[in-house]
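Chain and residue survey
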Amino acid sequence: MGELAAFIILSAITLVSAVVVVTSRNIVRSALSLVPTFFGVTGLYILLQAEFVAGIQVLIYAGAITVLILFVIMLTEGGTGLRVRQTNEQVPLSILAAAVVAVLLIGVLAQTPWPRATESLPQYTASGIGEALLTNLVLVFEVTSLVLLVALMGAIIVARRER
Amino acid sequence: MQVGLTHYLVVSALLFCLGLYAMLSRRNAVAILMGIELMLNASNINLVAFNKYVAPAALNGQVFALVVITLAACEAGVGLALVMAAYRNLETVHVDEINVMKW
Amino acid sequence: MNWGLEIAKAVGLAVVMFTFLAVVGAMFGVLLERKIGGWIQSRLGPKHVGPQGLLQTIADTVKLLQKEHITPRAADVAIFNTAPLIVAVAGLMDWIVIPFGPTLIVRDLNIGVVFFAAMASLTVVGILVGGFASNNKYSLLGGLRSASQMISYELPLAMALVAVAMQAGTLSTLGIVNAQAQRGWFVFLQFPAFVIFLIAATAEVNRVPFDLPEAESELVAGYFSEYTGMRFALFQLGEYAEMFAMAAMATTLFLGGWRGPLLPPVIWFLLKMYLIVFFLMWTRWTFPRLRLDQLLNLSWKLLLPAGLIWILITGFFITFF
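Definitions and cut-offs
- Residues numbered from 1 in each chain as written.
- Chains lettered and ligands numbered in written order.
- Predicted model: local features only at pLDDT ≥ 70, side-chain atom pairs only at ≥ 80, totals over all residues.
- Helix = DSSP H or I, 4+ residues; strand = E, 2+ residues; numbered from the N terminus.
- Rg over C-alpha atoms; globule rule 2.2 N^0.38 Å.
- Buried ≥ 20, exposed ≤ 12 C-beta atoms within 10 Å, placed from the backbone.
- Contact = placed C-beta atoms within 7 Å.
- Nonpolar A, V, L, I, M, F, W, Y, C, P; charged D, E, K, R; others polar.
- Domains from an automatic or database assignment.
- Axes fitted to C-alpha atoms, helices over the stretch in contact; angles between N-to-C directions.
- Parallel < 35°, antiparallel > 145°, perpendicular 65-115°, else oblique.

**Quick notes on the overall build of chain B**
Assigned secondary structure in chain B consists of three helices and zero strands. Shown N-terminal to C-terminal, the secondary structure of chain B runs as helices and strands in the order α-α-α. Relative to its length of 103 residues, chain B is extended, with a C-alpha radius of gyration of 17 Å against a globular reference of 13 Å. For the C-alpha atoms alone, the extent of chain B along its principal axes is close to 55 × 25 × 15 Å. A burial count over chain B gives 51% of its 103 residues as buried. Taking all contacts inside chain B whose residues are at least 6 apart in sequence as the whole, residues at least 24 apart take part in 47%.

Structure below.
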């Protein structure tokens, strides 16, 4: 019972903040309400007993990506705070598309008989994730670190001022 | 009533569609990137929920979610660098004003 | 699990933590800073209000609370009012994972160290939007400088935390304190990590020598130029709470937490924490201020490679010894 209440509160926080993100006319306000969205998602991870992923989510998403987005907003045109039109001419079509995709996804996902696991949950620890990353999934780990390196170099070179 | 797999899937589907709406209908390039972040978060919720309810023995879902978080950070970094470079050269961040091949 | 009891416990602990930290940490910390600064500079600190100036901060707080609440004209009011709340809440949430004694911890999260780093990086959002929402060039510049400084120093902070977690084999703060019982305090085993942590912690809380974002001689007051009264007090509360949290984390990770021979554990913890706080205040009144490019060079070109090399060396020693 308590878990259902927590789930409803966290989903409400996530979805309401996401609505503010996508519909606000002030871009700084929509970037700032990414923070409660990410916190709601963190709460959902904690309900799913994935604590390490929750900690990393707060650290990276709410701490770093939000700051990055706010930086770029302030250094480009959005930082002036002028009231410009934020939506283009595709608004009715995009509402339709989003609604159709939502109905399709929820319909398919709710009606598929997923194979439910019946064994009890193991204790998900950070050391378990570390072991998995370095034994079974080491290829994923190495490729991800390569992608990080390339993205780092690419972002620095692309955003550099021309001399 | 227990919180089941379907609840998490519905929440993530709604979050995904909100991100899709942002991506399709906003003019500011940074707002489009924010929509993309929402979509990636929705897929992460799916991955972790499936890990707990369908295959709890292995940690693959959570590791996949961590990898998606890392790649989302990379993509946000590169995307925002592109937005800044575009702003410096084309003097606008609204994607519907970037419609000529030669500046 | 009795949800009502858990929620009541959480709310009660939050109230206790907030009042304890607000009264002792921020107010007493400000007074301590002024007295220590006076002692280092061969002058007396505040002396008039109360015996030896002990009631000075209470007088200051009353003064701040009755000031007029001004909002700049073209500022975005909702964001302007939210920013100090983010900074204060992030500074106080750090305290959830700090152990004052063998069982005196609000919640022993098994990702304690990651949670601490996450709350420290949440402060940046508050500072950035606080600087932006004031609609003032100096505030915006101060906010951008402070945010770039803080995100640059999060990386060496995380490197030091990772090295200690590797040595202890656990991410939980209680586990790290207990691991120091076996091999000695980590300040001896992990001295480079201690140095990196202290430098990064000083930069994370925007203290001298890294206080360019709030430099009075340069930027008026940086990102909180336009804040008056209670909101200014909330910003200061957040900063002092975070400074005390960094000092508490340094004692937990490196100085053996609450371990000590004769006195009760809480007394040892507070002694060690105030030792580090005294060290932080001592550096404040001793060093000149670093310029922005020197500051960022120090982080990216010196501390980050040093942290990475130290993690490599720690891994080597853990595997073979």
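Let's pick the thread back up.
**Considering the interface of chain B and chain A**
How big an interface is tends to be stated in terms of accessible area lost as the parts join. With 63 residues of chain B in contact, the opposing surface of chain A contributes 73 residues. The set of elements that each furnish at least two residues to the side of chain B that touches chain A consists of α1 (5-25), α2 (29-53) and α3 (60-90) of chain B. With 20 residues, α3(B) is the single largest residue contributor to the side of chain B that touches chain A. Split by residue class, the side of chain B that touches chain A holds 48 nonpolar, 10 polar and five charged.

**A word on the interface of chain A and chain C**
Counting from both sides, the interface comprises 23 residues of chain A and, opposite them, 20 residues of chain C. At the level of elements, α2 (27-32) and α4 (51-75) of chain A are the ones that each hand at least two residues to the side of chain A that touches chain C. It is α4(A) that contributes the most residues to the side of chain A that touches chain C, 14 residues altogether. Among the residues making up the side of chain A that touches chain C, the classes are represented as 14 nonpolar, seven polar and two charged.

**Topic: the arrangement of the chains**
Among the two pairs of chains in contact, the pair with the most contacts is chains A and B. For the non-touching pair chain B and chain C, the nearest C-alpha separation works out to 14 Å.

**Focus on the domain arrangement of chain C**
All names here are of chain C. Per the domain assignment, the segments making up chain C are domain 1 (1-66) and domain 2 (70-320). Summarising the inter-unit geometry, the C-alpha centres of domain 1 and domain 2 are found 19 Å apart. Of all the elements in the fold, those that place two or more residues in the side of domain 1 that touches domain 2 are α1 (3-40) and α2 (56-65). With 13 residues, α1 is the single largest residue contributor to the side of domain 1 that touches domain 2.

**Quick notes on the packing of helix α3 (residues 34-47) of chain A against α2(B)**
Where α3(A) contacts α2(B), the axes come no closer than 10 Å and their chain directions differ by 5 degrees. Considering their axes alone, α3(A) and α2(B) lie roughly parallel with respect to each other. Across the interface between the two elements, A:L34, A:V41, A:L44 and A:Y45 of α3(A) pack against B:M34, B:N41, B:I45 and B:V48 of α2(B). Looking at the contact of α3(A) with α2(B) residue by residue, the classes come out as seven nonpolar, one polar and no charged.

**Some details on unusual backbone geometry**
Phi angles above zero are rare outside glycine, and A:Q49 is one such case at about 60 degrees. Within the secondary structure layout, A:Q49 lies in the loop between α3 and α4. A positive phi angle, near 65 degrees, is found at B:E91, a position not held by glycine. Topologically, B:E91 is positioned in the segment after α3.

**Things to note about the environment of A:P36**
All names here are of chain A. Along the chain, P36 turns up in helix α3. What makes P36 partly exposed here is the crowd of 17 C-beta atoms within 10 Å. Between the C-alpha atom of P36 and that of Q123, which follows or precedes it by 87 residues, the distance is 28 Å. When neighbours within four sequence positions are excluded, P36 is seen to be in contact with I13 and S17.

**Notes on the packing of α4(A) against α2(B)**
Look at α4(A) against α2(B): their axes get within 11 Å of each other, and the N-to-C directions meet at 175 degrees. Here α4(A) lies roughly antiparallel to α2(B), going by the angle between them. Taken together, the residues of α2(B) that come into contact with α4(A) (itself represented by A:V53, A:I65, A:I69, A:V72 and A:I73) are B:V30, B:M34, B:E37 and B:V48. Class assignment of the residues belonging to the contact of α4(A) with α2(B) gives a composition of eight nonpolar, no polar and one charged.

**Thoughts on the environment of A:I65**
Inspection of the secondary structure assignment puts A:I65 in helix α4. In this structure the C-alpha to C-alpha distance between A:I65 and A:V35, which are 30 residues apart in sequence, comes to 9.9 Å. The residues touching A:I65, leaving out its near neighbours within four places in the chain, are A:I60, B:E37, B:A73 and B:A76.

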